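Chains, contacts and geometry: an overview
Given next are the chains, with one letter for each unit.
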Amino acid sequence: MEGVQPMTARSAEVAATFIRPDDAGRTHPDEMSRAHHALRRAIMHGDLRAGDPLSQVELARQLGVSRGPLREALRILQREGFVVQESQHRARVAAFSDDDLDELYAMRISLESLAIGIAVPRMTEDHLQHLNELLREMDEKARTGDVEQWECPHEKFHRALVHPSGPRLERELALLSDHATRYRLAFVSWNPLEWQADTSTQHHTIADAVQSRDAKAASRALATHLARTALVVLSIASPSYEPVRIRKALASACAD
């Protein structure tokens, strides 16, 4: 992929830029959970970049955890697809690729459009009110241009859209969403106000369909939104790539 190059040689002290042991300790009291939370967040937000080597010795020291809990956290990150294990003692942050992004968003389009179609008829009035509150919060944060502040209600909004669909769907979609966030933050945060203004219209279209209890319209609007996001990322990262999976998933989600 063009645009963001993996860092092949980075200082071990990079960990000091993202690890916040006091903050993590309040919600993740055990060492493994604290290490997993800190490393996952750093990878998603680009503090640890695609291709970065992960030194167990340095990470354990910076996180203030033992090597055993750190290794378990790295194994979980490997299962989640954020880390690639090269040997027993060597690991790297997973690389970006065109095919991975294409497959990732095709899966999101297919599953998330299915999930919202299931969820809409099950939503209560309280649920609809919560969606509106998140939408207002997203609009307020967007006006500040602070991408990280906007990401919090944005993530909650997408989670809430599919919440009544079922726990297995929700777990799988949460992981896919986190991987998508990693790509998006790496490639489109160069112009947050323009990005957020465009996506705000799309989010309101989705919310309007949900409020109208139109499951099909909500499914189509969400699928279109996800496809547009993916195509924007690809237009920056790899303009010549043809996203066959994304286009097929979108056509299937929007079919009558």
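See the structure shown above.
Keep in mind it's a predicted model, so treat the numbers as computed, not measured. (Residues numbered from 1 in each chain as written. Predicted model: local features only at pLDDT ≥ 70, side-chain atom pairs only at ≥ 80, totals over all residues. Heavy atoms only, no water.)

**Points about the overall build of the chain**
Helix and strand counts for the chain come out as 11 helices and 3 strands. The secondary structure elements of the chain, listed N-terminal to C-terminal, are α-α-β-α-α-β-β-α-α-α-α-α-α-α. Each of the 256 residues in the chain was classed as buried or not, and the buried ones make up 46%. Within the chain, contacts between residues separated by at least 24 positions form 78% of all contacts whose residues are at least 6 apart in sequence. With an accessible surface of roughly 12,500 Å², the chain has 51% of that area assigned to carbon and sulfur atoms. (Helix = DSSP H or I, 4+ residues; strand = E, 2+ residues; numbered from the N terminus. Buried < 20%, exposed > 50% of the residue type's maximum accessible area, 1.4 Å probe, protein only. Contact = heavy atoms within 4.5 Å. Areas by Shrake-Rupley, 256 points an atom, 1.4 Å probe, with all protein chains shown as cover.)

**Quick notes on the pattern of salt bridges**
Here the structure, examined in full by the defined rule, presents 16 salt bridges. Close ionic contact of Glu-86 with Arg-90 constitutes a salt bridge, the shortest N to O distance being 3.5 Å. When its relative accessible area of 48% is taken as the criterion, Arg-90 is described as partly exposed. Three or more residues joined by partner-sharing salt bridges are found here, namely Arg-40, Glu-80, Glu-155, Arg-159 and Asp-178. (Salt bridge = Lys/Arg side-chain N within 4 Å of Asp/Glu carboxyl O.)

**Comments concerning the packing of aromatic side chains**
Inspection of the entire model under this criterion finds 2 aromatic pairs. Consider the rings of Phe-96 and Tyr-183, whose centres lie 4.6 Å apart with planes at 50 degrees: the pair is tilted. Residue Phe-96 is located in the loop between β3 (91–93) and α5 (98–119), and its partner Tyr-183 is located in helix α8 (residues 167–188); the two are separated by 87 residues in the primary sequence. By the burial criterion, Phe-96 is buried, and Tyr-183 matches it. Every member of this aromatic cluster is reached through a ring pair, and the members are Phe-96, Tyr-183 and Phe-187. (Phe/Tyr/Trp six-rings, centres within 6.5 Å; stacked < 30°, edge-to-face > 60°.)

**Quick word on the environment of Leu-77**
Mapping Leu-77 onto the fold places it in helix α4 (residues 67–80). Aside from chain neighbours lying at most four places away, what touches Leu-77 is His-36, Leu-39, Arg-40, Phe-82 and Val-83.

**Notes on helix α2 (residues 31–44)**
An α-helical segment advances 3.6 residues per turn. Residues three or four places apart therefore align on the same side. The end-to-end C-alpha distance of α2 is 20 Å, a good match for the 20 Å that 14 residues give at a rise of 1.5 Å each. Listed as buried for α2 are Ser-33, Arg-34, Ala-35, His-36, Ala-38, Leu-39, Arg-40, Ala-42, Ile-43 and Met-44. Gly-46 sits one or two positions beyond α2 and adopts a positive phi of about 85 degrees. (Expected span 1.5 Å × (residues − 1).)

**Concerning α4**
Taking 1.5 Å per residue, 14 residues should reach 20 Å; α4 reaches 20 Å between its end C-alpha atoms and fits that length. Residues of α4 that are buried: Leu-70, Ala-73, Leu-74, Ile-76, Leu-77 and Glu-80. Buried positions in α4, seen along its axis, are confined to an arc of 160 degrees and lie on one side of it. Backbone geometry just after α4 places Gly-81 at a positive phi near 95 degrees. (Arc of directions from axis to C-beta.)

**Details of the sheet that holds strand β2 (residues 83–85)**
Taking strand neighbours across the sheet as the criterion, the 3 strands line up as β1-β3-β2 in an open arrangement whose pairing is antiparallel. A strand with exactly one partner marks an edge of an open sheet, and here the two such strands are β1 (53–54) and β2. In this sheet, β3 lies alongside β2 in antiparallel orientation, the contact comprising 3 bridges. Residue pairing across strands places Val-84 opposite Arg-92, the latter belonging to β3. (Pairing = 2+ DSSP bridges.)

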